[in-house]
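Inside the fold
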Amino acid sequence: MDPTRCQYLCPRKRRQCKMVPSTSLSTHCMEHLLHDPNLDEATKLTLRMPCPFNPRHSIAPYDLKRHLRKCSQRPIILGPFHQHNCNSGPECDNHDDYPTVLQDINEDELRNFITRMETLHDNFVKGPVENNKTTPDCYLPHINIEELGNRSRKHLEQIGSIIAQLVQLDLLQSHTCFLEMGAGRGQLSHELHACVKDDSTIHFALIERDHQRYRFDAHHKPEHSGPSFGRYRLDIRDLYLPDLPIPKDSQTHIVLISKHLCGGATDLALRCAVDAQQHTHNIRAIIIALCCHHRLLWNDYVGKDFFRRLNLTPKDFCLIRTLTAWGTDENRHKLVEEGKRSTIDGTISFQLDTSIPTSRSTYSKQRLFPIEQQEQIGLKAKRLLDWGRIEYLNENGFDTHLKVYASKNITLENIALIATAKSS
């Protein structure tokens, strides 16, 4: 430790802070003064205080008023449509999470639970509808998919498949606002725009909480003719859809779309759509390609009532959520058995070590089941969680089903939730 430098050890960088102590009262710099064990709390707070917005950084008490105006962590309200936690659901339903439930359960209990889960799945869940035989690239006529790399081609084939679902449901009509949740770079809306580029009564609204390279938005500047584009950087949890600045006339309907809306974001989007439907009755359809069931949280999940009817507890939910990860094991194990490794641009071969058994997973609980059964367990866990979402939508004015929107060669997460508003 350099005695002339701040004596704080940065845990992430695993080194001593490089700043110089700025007061004779402490051996720490001003940013780390609150961590000085040799100073009493009263003295610390006269020199430094945690930021009210984010206590991970500190400020001088006399500078508090100015800092609150410029802090990068300050909450920014974008408008009346930005309402904190409006889609989080009632707090009375909240419950502690169980992240280690699979490690805590013993083998016999796990087998009994899986048997019970499979029985519930077989009794209540209807399998996804198979996709019609369509060519996804027919909805992307301006792109030669065969000339692209494997990664870009897979993204575009999924987008083409989602657009195909919109066409089959006759949703590419005038006076429609396409609301893309979890828009990312906006590629789905960009490709969909090419199908309706001459209709100025169509609008696109993109919702994304993270900063992105908005490379596709540059093609849709306000001075361009055709459908209008609007991007809003906020969490779906805070989106109050009835006040979003989109056309509110009686002719305009909203179609909610998303490609791989991760985990609990799907539940937030569904709750947002149901709330808007109850207030404005202008949600025409919902098409969401599902993924990342292992990241669901009980507190955000919309299918709580369905689980309670099946006598499944929040702890059971967390175990089912964990088992969903088994549903995407198929290709990984097949590649290993064939001596191949997945890459961005396809697969490459490698020398297979025959001394390592490949018939079973090495994970402590998965080894209890053959690989094929692991996959079936994971898929049934996914569909049981999805069926809770379907029940929620059906009880709130929608006709809902699951559909295979793409082949497994394109993506293992190839199921889309499709809901259309019931006719009044």
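Numbers given to residues run from 1 along each chain, matching the order in which its sequence is written. Where totals are concerned, whole chains, interfaces and linings use all residues; where local detail is concerned, this predicted model gives features only for residues with pLDDT of at least 70, and gives and counts side-chain atom pairs only at 80 or more. Side-chain metrics rest on all non-hydrogen atoms present in the structure, leaving aside hydrogens and water.

1. Quick word on the overall build of the chain
The helix and strand labels rest on DSSP assignments: H or I over at least four residues marks a helix, E over at least two residues marks a strand, and numbering proceeds from the N terminus. What the chain contains, in helices and strands, is 11 helices and 13 strands. Per-residue burial over the chain gives 46% buried out of 424 residues. Pairs of residues are marked as contacts when any of their non-hydrogen atoms sit within 4.5 Å. For the chain, contacts bridging at least 24 residues in sequence account for 68% of all contacts bridging at least 6. Surface exposure here means Shrake-Rupley accessible area, sampled with a 1.4 Å probe, where a residue is shielded only by the protein chains that are shown. As displayed, the chain offers around 22400 Å² of accessible surface, 49% of which is attributable to carbon and sulfur atoms. Accessible area is worked out with a 1.4 Å probe on protein chains only. A residue is then buried under 20% of its type maximum, exposed over 50%, and partly exposed in between.

2. Considerations on a positive patch on the surface
A cluster of basic residues, R5, R12, K13, K18 and R56, forms a positive patch at the surface. Looking at K18, the relative accessible area reads 57%, which means it is exposed. Patches here are clusters of residues that have more than 30% relative accessible area and form no salt bridge, with a 9 Å joining cutoff for like charges and a 5 Å cutoff for nonpolar side chains (Val, Leu, Ile, Met, Phe, Trp, Tyr). What counts as a salt bridge is simple: a side-chain nitrogen of Lys or Arg found within 4 Å of a carboxyl oxygen of Asp or Glu. When charges are tallied, Lys and Arg are placed among the positive residues and Asp and Glu among the negative ones, while His and the ends of the chain are skipped. Charged groups are reduced to one reference atom each: NZ for lysine, CZ for arginine, CG for aspartic acid, CD for glutamic acid.

3. Focus on the nonpolar core
The biggest cluster of nonpolar side chains holds 66 residues, and the ones touching the most others in it are L110, M181, I286 and L323. With 8 residues, helix α11 (residues 371-394) is the largest single contributor of residues to this core. Not counting residues up to four positions away in its chain, the partners in contact with L323 are L102, L110, F113, I114, M117, I377, G378 and A381. To form a nonpolar core, buried Ala, Val, Leu, Ile, Met, Phe, Trp, Tyr and Cys residues must be joined to one another through side-chain atoms within 4.5 Å. L140, L156, I159 and I202 belong to the second-largest nonpolar core, a separate cluster that totals 25 residues.

4. What to know about α11
One less than the number of residues in a helix, times 1.5 Å, gives the span that helix is expected to have. When the terminal C-alpha atoms of α11 are compared, their 34 Å separation across 24 residues agrees well with the 34 Å that a helix rising 1.5 Å per residue should span. The element α11 is extensively covered by neighbouring structure, given that 19 of its 24 residues are classed as buried.

5. Notes on the packing of helix α4 (residues 107-124) against helix α9 (residues 314-323)
For any two helices packed against each other, the geometry is given by the interaxial angle and the distance between the axes. Here α4 crosses α9 at 90°, and the two axes come no closer than 12 Å. Judged on the interaxial angle alone, α9 and α4 are roughly perpendicular. Residues L110, F113, I114, R116 and M117 of α4 pack against D316, L319, I320 and L323 of α9. For this classification, the nonpolar set comprises Ala, Val, Leu, Ile, Met, Phe, Trp, Tyr, Cys and Pro, the charged set comprises Asp, Glu, Lys and Arg, and every other residue, Gly included, is treated as polar. Considering only residue class, the contact of α4 with α9 consists of 7 nonpolar, no polar and 2 charged. Fitting a line to C-alpha atoms yields each axis, with helices limited to the stretch in contact; the angle taken between N-to-C directions then spans 0 to 180 degrees. Each angle gets one of four labels, with under 35 degrees taken as roughly parallel, over 145 as roughly antiparallel, 65 to 115 as roughly perpendicular, and the rest as oblique.

6. Here we look at the sheet that holds strand β7 (residues 228-232)
Paired strands, as defined in this entry, are two strands with at least two bridges between them according to DSSP. Here we have 7 strands laid out as an open sheet, ordered β7-β6-β5-β8-β9-β13-β12, and mixed in their pairing. Each edge of the sheet is formed by a strand with only one pairing partner; in this case those strands are β7 and β12 (398-404). Each adjacent strand pair in this sheet contributes to an overall mean axis angle of 15°, direction not counted. Against the sheet, helix α5 (residues 150-168) engages β5 (176-181), β8 (253-262), β9 (283-291), β12 and β13 (415-421), with an angle of about 150° to β8.

7. Details of the packing of aromatic side chains
Between the rings of Phe, Tyr and Trp (Trp by its six-membered ring), a pair exists once the centres lie within 6.5 Å; its type follows the angle of the planes, with under 30 degrees stacked, over 60 edge-to-face, and the other angles tilted. Tallied over the full model, the rule gives 11 aromatic pairs. Seen in terms of ring centroids, F81 and Y232 are 5.5 Å apart; in terms of plane orientation they differ by 70°. Their pairing is edge-to-face. With F81 in the loop between α2 (64-70) and α3 (101-104) and Y232 in strand β7, the pair connects residues that are 151 residues apart, well separated along the chain. Accessibility expressed as a relative area gives 5% for F81, which makes it buried. Centroid distance F124 to F306: 6.4 Å. Interplanar angle 85°. Geometry classified as edge-to-face. Taken as a pair, F124 in helix α4 and F306 in helix α8 (residues 304-309) lie far apart in primary sequence, 182 residues in all. Relative accessible area serves as the criterion here: at 41%, F124 is assigned to the partly exposed category. Through pairs of rings, three or more aromatic residues link up here, namely F124, W298, Y301, F306, F307 and F317. Its end group placed over the ring of W298, K304 keeps NZ or CZ at 5.8 Å from the ring centre. In this scheme, the term charge over a ring applies when either NZ of a lysine or CZ of an arginine sits within 6 Å of the ring centre and within 35 degrees of the ring normal.

8. What about the pattern of salt bridges?
Per the counting criterion, the structure on display carries 18 salt bridges. The closest approach of N and O atoms between R209 and D210, which form a salt bridge, is 3.9 Å. The class of D210 is partly exposed, set by a relative accessible area of 38%. For R237, the salt bridge is made with D300, and the minimal N-O distance between the two is 3.0 Å. With R237 in the loop between β7 and β8 and D300 in the loop between β9 and α8, this pair connects stretches of sequence that are 63 residues apart. Using a relative accessible area of 8% as the deciding quantity, one classes D300 as buried. Overlapping salt bridges bring together D267, R383, D386 and R389 as one network.

9. Some points on helix α6 (residues 187-195)
The buried count for α6 comes to 7 of 9 residues, which makes it a mostly enclosed element. Every buried residue of α6 is accounted for by Q187, L188, S189, H190, E191, L192 and H193. Packing partners of the buried residues in α6 comprise α5, β5, β6 (203-207), β7 and β8.

10. Some thoughts on the confidence of the model for the chain
Each residue carries a pLDDT score, the predictor's own confidence in it, on a scale running from 0 to 100. Scored by pLDDT, the chain has a mean of 84; 85% of the residues are at 70 or more. Predicted confidence for residues 341-350 stays below pLDDT 50, and this span has 21 contacts to residues more than four positions away or in other chains.

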